Amino acid sequence: MPFKHNASRRHRIGKMKCQVTNWAEYEAGLRRRGSLMLWMTPEALSSWQAPKRTTRGGQPRYSDLAIETALTLGLVFGLRLRQTEGFLTSVLTLMGLDLAVPDHTTLSRRASKRRLPDGRRQHQARGKGHVHVLIDSTGLEIYGAGKWLEEKHGAKSRRNWRKLHLALDAGSGDIIAHVMTDQDAGDASQVEALLDQIDAPIGQFTADGAYDGSPTYDAVTWHSAGAMVVIPPRANAVKRPDADPLSQRDRHIAAINTDGRMKWQAATGYGKRSLVETAIGRYKSIIGYRLRARSFGAQQTEVSIGCAVLNRMLACARPKSVRCKTVTA
């Protein structure tokens, strides 16, 4: 990235300043994020109770919509399952609705088995056309002994964590695909799983050097044949001598060897990859850096709901920033 190349003389480089052009709209949207106004549509009221089961087995009492509503409120307001049950009960009472509220045991059990919400339809409904996909991964802590216990009592157990893989639309900033795996899964191995969740054609695919390799290029080409793949090759990468015509990776290597890595980043738009890093920071600051659920299935549900919540919050308020031009004499 550019700041690494300019680290030795960073104190001499002026900080880039930006100006928000839609400040009134953005400020109103930020206030809407903290609003406690809730409403229930007639469709939601009629779908609160689970439909009658036609196969063998017990009849569920609550639909997936009811479970998802309760888990979403608990995640947004940082509540545990018992507090979520009490919060939803009080909200429905104030609204004058005679609806049964799932208890905390039901929420815990259904969160591990329920169908994950599909955010693909929401993204496709907003617009069509080629998308610029940015992907990256981050780690999320899981329940276990903290660092203080390890230092205090000398615990030798290895800390486990989950890895969250995100795919971001560079144009809208929405999270359009996500996959959660264990800590041993490689970044490049989840590219195909992320692309399977994207129905729109890909115009450009941008990722960091951890995704460099033929499997990533093949997965993107299989999804969208004309997609441009922008991944910085490793420092000791060389072109294949027998390749004719040159592949995208070979062209990146030739451009870096000719013009340097900085000009290659500016020419390919690699700097937009910082948007997915910003989305990861937004997830950890709003949703949290630690998973609350204990089982893997419930953790997948928690991550899926967290991504949907971030997309809803971003839809309420999205700034439009332009870079301020400096006038020189």
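Residues numbered from 1 in each chain as written. Predicted model: local features only at pLDDT ≥ 70, side-chain atom pairs only at ≥ 80, totals over all residues. Heavy atoms only, no water.

A.B. asks: Could you give an account of the pairing of strand E3 (residues 161-169), with specific residues and numbers?
C.D. replies: Every other side chain in a regular strand lies on the same face of the sheet, so the side chains alternate between the two faces. Among the nine residues in E3, eight count as buried, and that is most of the element. Relative to E3, strand E2 (residues 131-141) runs antiparallel, the two sharing nine bridges. When the bridges of E3 are listed, Gly139 appears paired with Lys163. (Buried < 20%, exposed > 50% of the residue type's maximum accessible area, 1.4 Å probe, protein only. Helix = DSSP H or I, 4+ residues; strand = E, 2+ residues; numbered from the N terminus. Pairing = 2+ DSSP bridges.)

A.B. asks: I'd like a rundown of a nonpolar patch on the surface, residues and numbers included.
C.D. replies: Taken together, Leu36, Val76 and Phe77 make up a surface patch of nonpolar side chains, about 270 Å² in accessible area. Turning to its location among the elements, Phe77 is positioned in the loop between helix H4 (64-76) and helix H5 (81-94). Looking at Phe77, the relative accessible area reads 35%, which means it is partly exposed. (Patch = residues over 30% accessible without salt bridge, like charges linked within 9 Å, V, L, I, M, F, W, Y side chains within 5 Å. Areas by Shrake-Rupley, 256 points an atom, 1.4 Å probe, with all protein chains shown as cover. Salt bridge = Lys/Arg side-chain N within 4 Å of Asp/Glu carboxyl O.)

A.B. asks: Which residues make up the environment of Gln300, and what values do they have?
C.D. replies: Position of Gln300 among the secondary structure elements: in helix H14 (residues 296-316). Relative accessible area serves as the criterion here: at 28%, Gln300 is assigned to the partly exposed category. C-alpha of Gln300 to C-alpha of Ser112: the two residues are 188 residues apart in sequence and 8.1 Å apart in space.

A.B. asks: Residues and numbers for the pattern of salt bridges, please.
C.D. replies: Under the definition given, this model contains 10 salt bridges. The salt bridge partner of Asp187 is Lys163, with a shortest N-O separation of 3.4 Å. Taken as a pair, Asp187 in the loop between strand E4 (175-182) and helix H9 (191-195) and Lys163 in strand E3 lie far apart in primary sequence, 24 residues in all. When sorted by exposure, Asp187 lands in the same class as Lys163, which is buried. Ionic contacts of the salt-bridge type, sharing partners, join the residues Asp136, Asp208, Arg273 and Glu277 into one network.

A.B. asks: Please provide a residue-by-residue account of the sheet that holds strand E6 (residues 228-230), values included.
C.D. replies: Spatial ordering of the open sheet is given by E4-E3-E2-E5-E6, a layout of five strands whose pairing is mixed. In this open sheet, the two edge strands, each paired with only one partner strand, are E4 and E6. Averaged over all neighbouring strand pairs, the angle between strand axes comes to 20 degrees, with direction disregarded. In this fold H14 packs onto E2, E3 and E4, with an angle of close to 155 degrees to the strand it touches most, E4. (Axes fitted to C-alpha atoms, helices over the stretch in contact; angles between N-to-C directions. Contact = heavy atoms within 4.5 Å.)

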